[in-house]
Amino acid sequence: MAKSKVYNSAAAKVEEGKFYTPTEAVALAKETGSKKFNSTVEVALKLAVDPRKADQMVRGTVMLPHGTGKTAKVIVFANGAAAEAAIAAGADEVGGAELIQRVADGWTDFDAAVAVPELMGQVGRLGKVLGPRGLMPNPKTGTVTPNPAKAVEEIKGGKIDFRVDKHANLHFIVGKASFDVAQLDENIQAALEEVVRLKPASAKGRYIQKGSVSTTFGPGIPLDVSSISASA
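What comes next is a walk through the structure. (Residues numbered from 1 in each chain as written. Predicted model: local features only at pLDDT ≥ 70, side-chain atom pairs only at ≥ 80, totals over all residues. Heavy atoms only, no water.)

1. Notes on the overall build of the protein chain
Argument step 1. Along its length, the protein chain carries nine helices and nine strands.
Argument step 2. Against the globule reference of 17 Å for 232 residues, the protein chain gives a C-alpha radius of gyration of 19 Å, in line with a compact fold.
Argument step 3. By its C-alpha atoms, the protein chain is 55 × 45 × 30 Å across when sized along the principal axes.
Argument step 4. For the protein chain, the proportion of its 232 residues judged to be buried stands at 45%.
Argument step 5. When contacts within the protein chain are restricted to residue pairs at least 6 apart in sequence, long-range pairs at least 24 apart make up 71% of them.
Argument step 6. Counting every atom, the protein chain has about 11,800 Å² of accessible surface; 51% of that belongs to carbon and sulfur.
Argument step 7. Side-chain charges in the protein chain split into 29 positive and 25 negative, and the spacing between the mean points of these groups amounts to 7 Å. (Helix = DSSP H or I, 4+ residues; strand = E, 2+ residues; numbered from the N terminus. Rg over C-alpha atoms; globule rule 2.2 N^0.38 Å. Buried < 20%, exposed > 50% of the residue type's maximum accessible area, 1.4 Å probe, protein only. Contact = heavy atoms within 4.5 Å. Areas by Shrake-Rupley, 256 points an atom, 1.4 Å probe, with all protein chains shown as cover. Lys, Arg positive; Asp, Glu negative; His and termini not counted. Charge placed at Lys NZ, Arg CZ, Asp CG, Glu CD.)

2. Topic: helix H8 (residues 181-197)
For an α-helix, 3.6 residues make a turn, and residues three or four places apart therefore share a direction.
Argument step 1. Here H8 contains 17 residues, and its C-alpha end-to-end distance of 24 Å stays within 8% of the 24 Å for a straight helix at 1.5 Å per residue.
Argument step 2. Regarding H8, the residues found buried are Leu184, Asp185, Asn187, Ile188, Gln189, Ala190, Ala191, Leu192, Glu194 and Val195.
Argument step 3. Its side-chain oxygen placed 3.2 Å from the backbone nitrogen of Ala182, Asp180 serves as the N-cap of H8. (Expected span 1.5 Å × (residues − 1). Polar contact = N/O pair within 3.5 Å; in protein donor to acceptor, adjacent residues only side chain to side chain.)

3. What to know about the sheet that holds strand E5 (residues 112-115)
Paired through backbone hydrogen bonds, the strands of a sheet run either parallel or antiparallel to each other.
Argument step 1. Taken in spatial order, the three strands line up as E4-E3-E5 in an open sheet, and their pairing is parallel. Among the strands making up the open sheet, the edge pair consists of strand E4 (93-95) and E5. Strand-to-strand, the axes of this sheet are offset by a mean angle of 15°, without reference to chain direction.
Argument step 2. Two strands pair when backbone bridges link them, and strand E3 (residues 74-77) and E5 are joined in this way by four bridges, in the parallel orientation. Its bridge partner being in E5, Ile75 is matched across the sheet by Ala113.
Argument step 3. On the sheet, helix H4 (residues 97-104) packs against E3 and E4 and is oriented at approximately 125° with respect to E3. (Pairing = 2+ DSSP bridges. Axes fitted to C-alpha atoms, helices over the stretch in contact; angles between N-to-C directions.)

4. What to know about helix H7 (residues 148-156)
Argument step 1. For H7, the set of buried residues is Pro148, Ala149, Ala151, Val152 and Ile155. An end-on view of H7 places all buried positions within 160° of arc, on one side of the element.
Argument step 2. Downstream of H7 by one or two residues, Gly158 has phi in the positive range, about 120°. (Arc of directions from axis to C-beta.)

Structure below.
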C-alpha cells in the first residue's frame, strides 16, 4: 500500500495528456524518482522499423558525456599481451578457454563482454548464453577488437550500446536520479542524436513513433517525439 501511495504521488506530477521534450522529461524524472535510493533513469522508444529485415536493425553505441552512474563489470576473452593490457585497463575478469567454459556453464554476472578477434571462433559458441542477454561481443559495438583495453576503458567510462528488439522497441540508460538536470539532459541528447543518426534509409513514416522516460519503479513520462528529430 505504501508503495502504491508513493507511486501515485509521483504519477500525479506527470500532467495527463502532455508530451514532454527530452529536457523537460529528465528534469521531471528527478522529481518522480524514489527518495529512498538512487534510481536509474531510462528511456524507452518505439521505432517504425521491421527488425526482421537486416537493413532495418537499429543497433549502436554512444559515449554518455556524464557516464551511467554505474561502473560496469566487464569481462574480456583474451590471452597474452592483450589480456595483460585489459587487466591494466580495469577489466574485472580476463581469460581464454577457462573463462569461455565458465560462461558456457551459465555464469553471466557481468555487464559487458569484450573479445579479441582470434578467440571469436571459440566465443561464438556462447551465443545461446550471451545473445538473449545482449552480451555477445560484436564488431559493430566495438566489443570484438584487437585492442580490448580501449574497449574496457570506454565501457567503464560510460559507453552504452543499444539494439532494437523484435517488437521494434529500444531501451537504454541515461544516468541516475542523483545527476543534475544538465547532466541528464546532455546524456539523453547524446543518446537520442545517435538513435536518429542510425535511422535506416528504408524506414518509412515517422521514425520514432513514441517514447518515454522513467526511473526505477517510477511512472513513465511521455516524450514529445516530434521534438526529438528537431533537436537532434
